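Descriptive structure summary
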Amino acid sequence: MTSKPKKLQTSGEPNRGRTVKIKSKRLIGNPIRKAKPGERDNYSAPSNSHPNRHISLPSPVLKNPQDSDLIYGRHPVLSALENQRELNRIWVTSRLRYDPRFHNLLLQAKDSGTVIDEVEPKRLDQITEGANHQGIAAQIAPYSYIELPDLIAKAKSVNDPVIVVAEGITDPHNLGAIIRTAEAIGAQGLVMPQRRAVGITSTVVKVAAGALENFDVARVVNLSRALEELKEAGFWIYGTAATGSEPIHTVRFSGPVVLVIGSEGEGLSMLTQRACDVLVSIPLQGKTPSLNASVAAGMALYEVYRQRSLNTLYLNKLQKPL
């Protein structure tokens, strides 16, 4: 008696009525494995000699460089190298490998165990899926978050520290821009929740443009509890809200400050608003009802910086002899 052909599910989707005859009950798994020295890297395509060519296999090429552990572009990779960030692998063109800015740093990374692959620009196009790689890309190790008590201790080592809290930011471009602005303005770190928010991905690293090499990020399970812990440490909590009770330019920011930025669509949750000492708003004159989260963060951070710069200037004038 002839057995019926078995239905085979491939590429994560139902076979939709097609049947494929197989000689063995054992299904062929993904042939991609970690390459040994001298072999192709993890992102190489599989050999065409696979015995079941008619079976579509998962693509070994990166699904999306934004969601991977990949950073690319000269400035992000250069910052990672200069700050001795742990990198698993670097793909670089021959032209850039011997560039004076990169050559010694690449040698140091190699001595630390990083695999350096000299490749053609077309290979980088494939790895980054056509992104603007500028001749170099790197596979980074998972980001190492700081514990909240350690962030608080480091922040309080300076006068009038500023910490940014990002609630529910799901767009990595927004988070990267917030981190870049916060570090540039002089904030001491950022706190984010573990759930319902993007983490530090390669896109965040790329958009932050090197800021994460000098900026601490803490990830907490309970954001409300983290805000209470910041209050106990002497910080005043200022939340940004469209319906905030105080226009931001009328609020005096003094002492240790926490600036809470809400999500792109919903803003701050009611629970977070109740945990804030003061809610502030950015007055708008046009017809646009709200601002992008990273833009609002930048404007609020600059107001804090502006006030403190004026206070410093005023104190310096008072101390000058007549």
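Anything mentioned here points back to the structure above.
Keep in mind it's a predicted model, so treat the numbers as computed, not measured.

Describing the packing of helix α1 (residues 74-82) against helix α3 (residues 103-111)
At their nearest, the axes of α1 and α3 sit 10 Å apart, and the two run at 55° to each other. Relative to α3, the element α1 lies oblique. For the element pair α1 and α3, the recorded crossing hand is left-handed. Contact residues: α1 offers Leu-78, Leu-81 and Glu-82, while α3 offers Leu-105, Leu-106 and Ala-109. Partitioned by chemical class, the residues of the contact of α1 with α3 number 5 nonpolar, no polar and 1 charged.

Quick notes on helix α6 (residues 172-185)
Taking 1.5 Å of rise per residue, 14 residues should cover 20 Å, and α6 covers 20 Å from first to last C-alpha, within 8% of that figure. A side-chain oxygen of the first residue of α6 lies 2.9 Å from the backbone nitrogen of His-173; this N-cap is Asp-171. After α6 finishes, the residue Gly-186 shows a positive phi value of roughly 110°.

A word on the side chain of Arg-89
Tracing the backbone shows Arg-89 in strand β2 (residues 87-92). At 2.7 Å, the side chain of Arg-89 forms a polar contact with the side chain of Asp-117.

Quick word on the nonpolar core
The biggest cluster of nonpolar side chains holds 53 residues, and the ones touching the most others in it are Ile-90, Leu-175, Ile-179, Leu-190 and Ile-200. Per-element tally for this core: the top contributor is helix α10 (residues 293-319), with 6 residues. If we ignore the near neighbours within four places in the chain, the residues touching Ile-179 are Leu-190, Ile-200, Val-204, Ala-208, Ala-211, Leu-212, Phe-215 and Val-217. Core analysis: the second largest hydrophobic core is formed by 23 residues, Val-220, Leu-223, Ala-226 and Leu-227 among them.

Here we look at the pairing of strand β10 (residues 257-261)
The buried fraction of β10 is high, at 5 of 5 residues. The two faces of β10 match: Val-257, Leu-259 and Ile-261 on one face and Val-258 and Val-260 on the other face are all buried. For strand β5 (residues 162-166) and β10, the ladder comprises 5 bridges, and the chain directions are parallel. Bridge pairing links Val-162 to Val-257 in β10.

Here we look at a nonpolar patch on the surface
There is a patch of nonpolar side chains on the surface, built from Leu-284, Leu-291, Val-295 and Met-299 and spanning about 300 Å² of accessible area. Within the secondary structure layout, Leu-284 lies in the loop between β11 (278-281) and α10. Note on Leu-284: relative accessible area 36%, which makes it partly exposed.

A look at unusual backbone geometry
In this structure, Gln-84 takes a positive phi of about 55° despite not being glycine. Even without glycine at this site, Arg-196 takes up a positive phi of about 55°. Turning to its location among the elements, Arg-196 is positioned in the loop between β6 (189-193) and α7 (202-208).

Rules used throughout
- Residues numbered from 1 in each chain as written.
- Predicted model: local features only at pLDDT ≥ 70, side-chain atom pairs only at ≥ 80, totals over all residues.
- Heavy atoms only, no water.
- Axes fitted to C-alpha atoms, helices over the stretch in contact; angles between N-to-C directions.
- Helix = DSSP H or I, 4+ residues; strand = E, 2+ residues; numbered from the N terminus.
- Parallel < 35°, antiparallel > 145°, perpendicular 65-115°, else oblique.
- Left-handed = near helix turned anticlockwise from the far one by under 90°.
- Contact = heavy atoms within 4.5 Å.
- Nonpolar A, V, L, I, M, F, W, Y, C, P; charged D, E, K, R; others polar.
- Expected span 1.5 Å × (residues − 1).
- Polar contact = N/O pair within 3.5 Å; in protein donor to acceptor, adjacent residues only side chain to side chain.
- Core = buried A, V, L, I, M, F, W, Y, C linked by side-chain atoms within 4.5 Å.
- Buried < 20%, exposed > 50% of the residue type's maximum accessible area, 1.4 Å probe, protein only.
- Pairing = 2+ DSSP bridges.
- Patch = residues over 30% accessible without salt bridge, like charges linked within 9 Å, V, L, I, M, F, W, Y side chains within 5 Å.
- Areas by Shrake-Rupley, 256 points an atom, 1.4 Å probe, with all protein chains shown as cover.
- Salt bridge = Lys/Arg side-chain N within 4 Å of Asp/Glu carboxyl O.

Take it as geometry only, folks, not as evidence of what the structure does.
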